[in-house]
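# Analysis of the macromolecular model
If you want the building blocks of each chain, they are given just below.
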Amino acid sequence: MTASETPQSKPEIPPISKRRQQRIREIQDLFDTGLKVSEIAAIYGISERMVRQDKEDGKAFDRALSKTVDQAEFLGREIRSFEQAMRMEWRAYRLATNPFVKVACMRNLIALKEKYIKFLQGAGLLDKVPEQLKITGLPLEDDKIREAAYALLEMVQEKIEKNTEVETF
Amino acid sequence: MTGQGADLDLDLLRRDLIEHHRRHGFKGPEELLRFIRTFWGLRVPQAQVCPEHTPPAEYIVDSFFEEVQDSVCWANRGGGKTLLGALSTWLDTVFKSDCATKILGGSLEQSKKMYQHLTGGGDGWGLATDDFRYLLRGEMLAAQTALVNKSNINILTASSKSVRGPHPQKLKLDEVDEFEDKIYEAALLIPKTKKNIKASVQIYSTMHKAYGLMNRVISEAVQSGYKIYKWCVFDVMEKCVGRECTVCELWEDCQGKAKQADGFYSIEDAISEKRKVSRDTWLCEMLCFQPSQEGLIYKEFDMALHVI
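Residues numbered from 1 in each chain as written. Chains lettered and ligands numbered in written order. Predicted model: local features only at pLDDT ≥ 70, side-chain atom pairs only at ≥ 80, totals over all residues.

### Some details on the overall build of chain A
A tally of regular secondary structure across chain A gives 6 helices and 0 strands. From first element to last, N terminus to C terminus, chain A shows the α and β order α-α-α-α-α-α. Counting across all 169 residues of chain A, residues that qualify as buried make up 7%. Across chain A, contacts joining residues at least 24 apart in sequence account for 47% of those joining residues at least 6 apart. (Helix = DSSP H or I, 4+ residues; strand = E, 2+ residues; numbered from the N terminus. Buried ≥ 20, exposed ≤ 12 C-beta atoms within 10 Å, placed from the backbone. Contact = placed C-beta atoms within 7 Å.)

Laid out in structure tokens, this is it:
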């Protein structure tokens, strides 16, 4: 494929009027509720072809909107809201005189902290060390691997037996 | 960082091994016995100690691989009959689909012991460990323990009612010397071959009654087609190491055989028991000789000799 054959990229936001943008959103909502093209065309008094065109333009509009999301800004906003929530909870804890309320605040704080950490790990901003090394899906059909698996379990068993009294029948 | 350090999850490895054997079975007796050792810490004695007896491991292997259909395990007290019965049942249930087993105990206590070997209650070994719990369908009950592979176990006390009803493939009769003749006869009609699993009757008992049912079962074993697995206290005894034979109280019966043993029965226990019981009881209950004639009015009475 030569440069001249490269397909023309679509404009980021379709050049459409605000009124039509409004109609596109409404039509998208109607599609989501399960209406057919013919039914939507009857509601707006437009052709079915036009409804299909609105649907396509709606997709392009959504794509363009997604590009406007600034990841760093979004993450920053979320971090700020987590920290704000935790500050407020700390404040509530300090001001509380009832011990039960204090305990409730502490629980909320712990839950918030856990969510915050999970959020940061999910966003790749915090490294996660595996809590367990899980060996699964080993090809146990292979005699040597099965042998090794048994040897490992026997080793553990032996260690346990050394630490406990040997049982009899 | 929330990491708590690395831990090796052996439970998953164990489950993978169970699943492997559920799909592919066992390569042979060694692998089966190794599985038993690894998963339950059970060392089923394999050594041939008394030349005329059978090592218990041979029974487990023959039972699982269905080398023998009907069998009688004649063994000493504390020789692991009930446990091995529970073990062979659990192996069949876990690794064979659609395998139904009915276990009848000679007494309520006996049935309870068998059930406890499965669940781990009381003094039971606890064969249905956490590793196998995922296979259970519903709760484990003595009356019915069902698995996801459609296999099940019924543990009942021998009665005229319990011998009626469904026909599983496997029937196990524990402590048959305590059975009534009629119930025993009716029970033999229970097992039926189904879903490629052969019908089988397996009997476990000591022979402590001179003219009891077990005596009859053993005498008629050959014509009934039962294979006899017989082991005595020396076949299941722990290996004798460093003991002086000439001063050992077991020498009279042992003659040094325990040096080859690889079992679990404590030598100290055996010595202490030998001291406590009469020679007749020792020979009958621990060495599996012909039953004691203690308590009979005429000890010297012999059916063959004195009945025309």
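### Considerations on the overall build of chain B
The number of helices and strands found in chain B is 13 helices and 8 strands. Residue burial in chain B is summarised as follows: out of 308 residues, 41% are buried. For chain B, the share of sequence-separated contacts (at least 6 apart) that also reach a separation of at least 24 residues comes to 71%.

### Regarding the pairing of strand β7 (residues 200-205) of chain B
Residues and elements named next belong to chain B. Of all the 6 residues making up β7, 6 are buried; the element is thus mostly covered by neighbouring parts of the structure. Because side chains alternate across β7, one face comprises the buried residues S200, Q202 and Y204, and the other comprises V201, I203 and S205, equally buried. Two strands pair when backbone bridges link them, and strand β1 (residues 71-75) and β7 are joined in this way by 4 bridges, in the parallel orientation. Considered in β7, the bridge of V72 is made with I203. Of the strand pairs in this sheet, strand β6 (residues 170-174) and β7 are connected by 5 bridges, and their pairing is parallel. Note on β7: the bridge partner recorded for D174 is Y204. One crossover worth recording links β6 to the parallel β7 by way of helix α7 (residues 181-187), and it is right-handed. (Pairing = 2+ DSSP bridges. Right-handed = clockwise from strand over helix to strand, strands pointing away.)

### Let's talk about the environment of B:T129
One can find B:T129 in the loop between α5 (108-119) and α6 (130-133). Residues B:T129 and B:L118 lie 11 residues apart in sequence; the distance between their C-alpha atoms is 8.4 Å.

### Observations regarding the nonpolar core
For soluble globular proteins, nonpolar side chains are generally found buried alongside one another. By size, the foremost hydrophobic cluster in this structure holds 68 residues, and its most contacted members are B:L87, B:A187, B:F234 and B:M237. Among the elements that take part in this core, helix α4 (residues 81-95) of chain B stands out by supplying 7 residues, more than any other. (Core = buried A, V, L, I, M, F, W, Y, C linked by C-beta atoms within 7 Å.)

### A few points about the confidence of the model for chain A
Atomic detail in the predicted coordinates should be set aside for any region of low pLDDT. All names here are of chain A. Across chain A, the average pLDDT comes to 82, with 82% of residues at 70 or higher. When pLDDT is averaged over each helix and strand of chain A, the minimum, 83, is found for helix α6 (residues 143-163) and the maximum, 94, for helix α2 (residues 37-44). Taken together, the stretch residues 1-8 has pLDDT below 50 and engages in 1 contact with residues farther than four places along the chain or on a different chain. (pLDDT = per-residue confidence, 0-100.)

### Brief notes about the packing of helix α1 (residues 18-32) of chain A against helix α3 (residues 48-67) of chain A
Residue and element names in this part refer to chain A. Remark: α1 packs on α3, axes separated minimally by 9 Å, with the N-to-C direction vectors making an angle of 100°. As summarised for this structure, α1 and α3 are arranged roughly perpendicular, according to the angle between their axes. Here α1 contributes R23, I24, I27, Q28 and F31 to the contact with α3, which in turn contributes V51, D54, K55, D57, G58 and F61. (Axes fitted to C-alpha atoms, helices over the stretch in contact; angles between N-to-C directions. Parallel < 35°, antiparallel > 145°, perpendicular 65-115°, else oblique.)

### Section: the sheet that holds β1(B)
All names here are of chain B. One open sheet accounts for 8 strands, arranged β3-β4-β5-β2-β6-β7-β1-β8; its pairing is mixed. Strand pairing shows two members of the sheet lacking a second neighbour, β3 (136-137) and β8 (227-231), which therefore form its edges. Note that β1 and β8 share 5 bridges and pair parallel. Note that in β8 the partner of A75 across the bridge is W231.

### Some details on unusual backbone geometry
Residue and element names in this part refer to chain B. Residues other than glycine seldom take positive phi values, yet E175 does so here, at roughly 55°. Checked against the element boundaries, E175 lands in the loop between β6 and α7. Although it is not a glycine, N196 sits at a positive phi angle of roughly 65°. As for its placement among the helices and strands, N196 is situated in the loop between α7 and β7.

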